[in-house]
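Listed below, chain by chain, are the residues.
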Amino acid sequence: MLLIHCPYCEEDRSELEFRWAGEAHIARPENIAAISDEEFAEFFFLRNNEKGLTYERWRHIHGCGRFFNAARDTISDRFLMTYKAGLPKQPVPVAEEFAAIAEEKSVETWEQTEGDAR
Amino acid sequence: MAELGSHIATRSLPLSGVHGGSSMVRLEPAAPASRISLRVRAEDVPALSSALGVDLPVKPKTSAYANGRTALWLGPDEWLVIDEGESGLMTAAANSGVLHSATDVSHRNTAILVSGPGAAAAINAGCSQDLSLDVFPVGACSRTLFGKVEIVLLRTAEDAFRVEVWRSFSDYAFGLLSEGARDAAL
Ligand SMILES: [Zn+2]
């Protein structure tokens, strides 16, 4: 079972208390009525689906109820860091990055066969 | 026309009459209580605290007790306030004079009292939180999961907990606690 650090509860909790809430740091257009259909599709539907380091929103739905941001490695499922909603994208601490790389060497993965969704 | 008076329905509690436990754990339904679900912005916490007569805790996983009322921190702007008596929690909150959201959830929740030397073990049968005394001391509280249902857990003594659960889930919670109580006595 994964332990996830909630930045509001200031504690590691079981993954069972959390729910994934999609890619993080997607800015809503300033004037959404003015953008083209293509720009809307880009904003609304298309996601990067990164292999490796990804920034996601998570919600501590069965705890404090808060949404927050997490940097996660999609290969090893390791959470590299979490931080409060509303903060800009945070750099991953170097020590966490090295740990993730070391872990990836021992994790068997499918080769990436699909290109960038965009 | 129907005759009222002696024919008024009597209130029945979701867990009335049940009992359970083991040689290590005692399980009993808690007495009826008044409860509100309260949302308040940080700057208005002092006003609500004085209106309710209990200081809303602002530290995660903590609770406060005063004047028969317990305030449990659920989130950065969310509390569950429990009054063991027939309280005027809603009126008191309304008299705070500041912006807030209070919902009477007295009948949405019921509570199970879990006590005895195996109390923590019985709860851990369905709850992944660390209930050791240094991590979850007396007075600590948390919204969390117990098996498949959401609960609010409050430690009332070293070997006693209050499990707040939605009334329609209370049979499930009591059943799983009974299993946990038996396992704790093995
Ligand atoms: Zn939390």
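Per an unreviewed UniProt entry, chain B goes by the name Sarcosine oxidase subunit gamma family protein and belongs to Aliirhizobium smilacinae.

As annotated in an unreviewed UniProt entry, chain A is Sarcosine oxidase subunit delta family protein from Aliirhizobium smilacinae.

Let us look at the overall build of chain A. A tally of helices and strands in chain A yields 2 helices and 6 strands. Ordered by position in the sequence, the α and β elements of chain A form the string β-β-β-α-β-β-β-α. When burial is assessed residue by residue, chain A has 31% of its 118 residues classed as buried. For chain A, the proportion of contacts with a sequence separation of at least 24, taken over those separated by at least 6, is 49%. Here chain A has roughly 7800 Å² of accessible surface; of this, 52% comes from carbon and sulfur atoms.

Let's shift gears to the interface of chain B and chain A. Counting residues at the interface gives 16 residues for chain B, matched by 15 residues for chain A. On the chain B side of the interface with chain A, the three residues burying the most area are Pro76, Arg143 and Leu145 of chain B, jointly 37% of the side's total. Lys61 of chain B is the partner of Glu11 of chain A in a salt bridge, and the nearest nitrogen-oxygen pair spans 2.6 Å. Taken together, chain B and chain A are joined by 9 residue pairs in polar contact (both at pLDDT 80 or more). When residues of the side of chain B that touches chain A are traced back to their parent elements, those giving at least two are β5 (69-75) and β9 (141-146) of chain B.

The next subject is the domain arrangement of chain B. Residue and element names in this part refer to chain B. Domain annotation for chain B reports domain 1 (18-32 + 108-186) and domain 2 (34-105). The gap between the C-alpha centroids of domain 1 and domain 2 is 23 Å. At the interface, 17 residues of domain 1 touch 13 residues of domain 2. Across the interface of domain 1 and domain 2, roughly 1300 Å² is buried in total on both sides, 49% from carbon and sulfur atoms. The largest contributions to the domain 1 side of the interface with domain 2 come from Arg108, Cys141 and Arg143, which together make up 36% of the buried area. There are 3 salt bridges connecting domain 1 and domain 2. Linking Glu84 and Arg162 is a salt bridge whose minimum nitrogen-to-oxygen distance equals 3.3 Å. Summed over the shared surface of domain 1 and domain 2, the number is 9 residue pairs in polar contact (both at pLDDT 80 or more). Of all the secondary structure elements, the ones that give two or more residues to the side of domain 1 that touches domain 2 are β8 (109-115), β9, β10 (149-157) and β11 (160-166). Looking at the side of domain 1 that touches domain 2, its residues break down into 8 nonpolar, 5 polar and 4 charged.

When you line up the elements, Glu39 of chain A lands in helix α1 (residues 37-44). Sequence spacing of Glu39 of chain A and Lys84 of chain A is 45 residues, and the spatial spacing of their C-alpha atoms is 28 Å.

Residue and element names in this part refer to chain A. Here the zinc ion is held by Cys6 (SG), Cys9 (SG), His60 (ND1) and Cys64 (SG), and the distances to it run 2.0 to 2.4 Å. Here the zinc ion is ringed by 4 donor atoms whose angles at the metal span 104 to 116°, and the overall shape comes out tetrahedral. The sequence pattern describing where the donors of the zinc ion fall on their chain is C-x2-C-x50-H-x3-C. A relative accessible area of 7% means that Cys9 is categorised as buried.

Next up on the list: the pairing of strand β4 (residues 53-59) of chain A. All names here are of chain A. Note that strand β3 (residues 19-23) and β4 share 3 bridges and pair antiparallel. Considered in β4, the bridge of Arg19 is made with Arg59. As paired elements, β4 and strand β5 (residues 67-73) share 7 bridges and run antiparallel to each other. In the strand pairing of β5, Tyr55 is matched with Ala71.

About the thresholds
Residues numbered from 1 in each chain as written. Chains lettered and ligands numbered in written order. Predicted model: local features only at pLDDT ≥ 70, side-chain atom pairs only at ≥ 80, totals over all residues. Heavy atoms only, no water. Helix = DSSP H or I, 4+ residues; strand = E, 2+ residues; numbered from the N terminus. Buried < 20%, exposed > 50% of the residue type's maximum accessible area, 1.4 Å probe, protein only. Contact = heavy atoms within 4.5 Å. Areas by Shrake-Rupley, 256 points an atom, 1.4 Å probe, with all protein chains shown as cover. Buried area = accessible area lost by both parts, 1.4 Å probe. Salt bridge = Lys/Arg side-chain N within 4 Å of Asp/Glu carboxyl O. Polar contact = N/O pair within 3.5 Å; in protein donor to acceptor, adjacent residues only side chain to side chain. Domains from an automatic or database assignment. Nonpolar A, V, L, I, M, F, W, Y, C, P; charged D, E, K, R; others polar. Donors = N, O, S within 2.8 Å, 3.2 Å for Na, K, Ca; no water. Tetrahedral: all angles 85-135°; square planar, octahedral: opposite > 155°, others 65-115°. Pairing = 2+ DSSP bridges.

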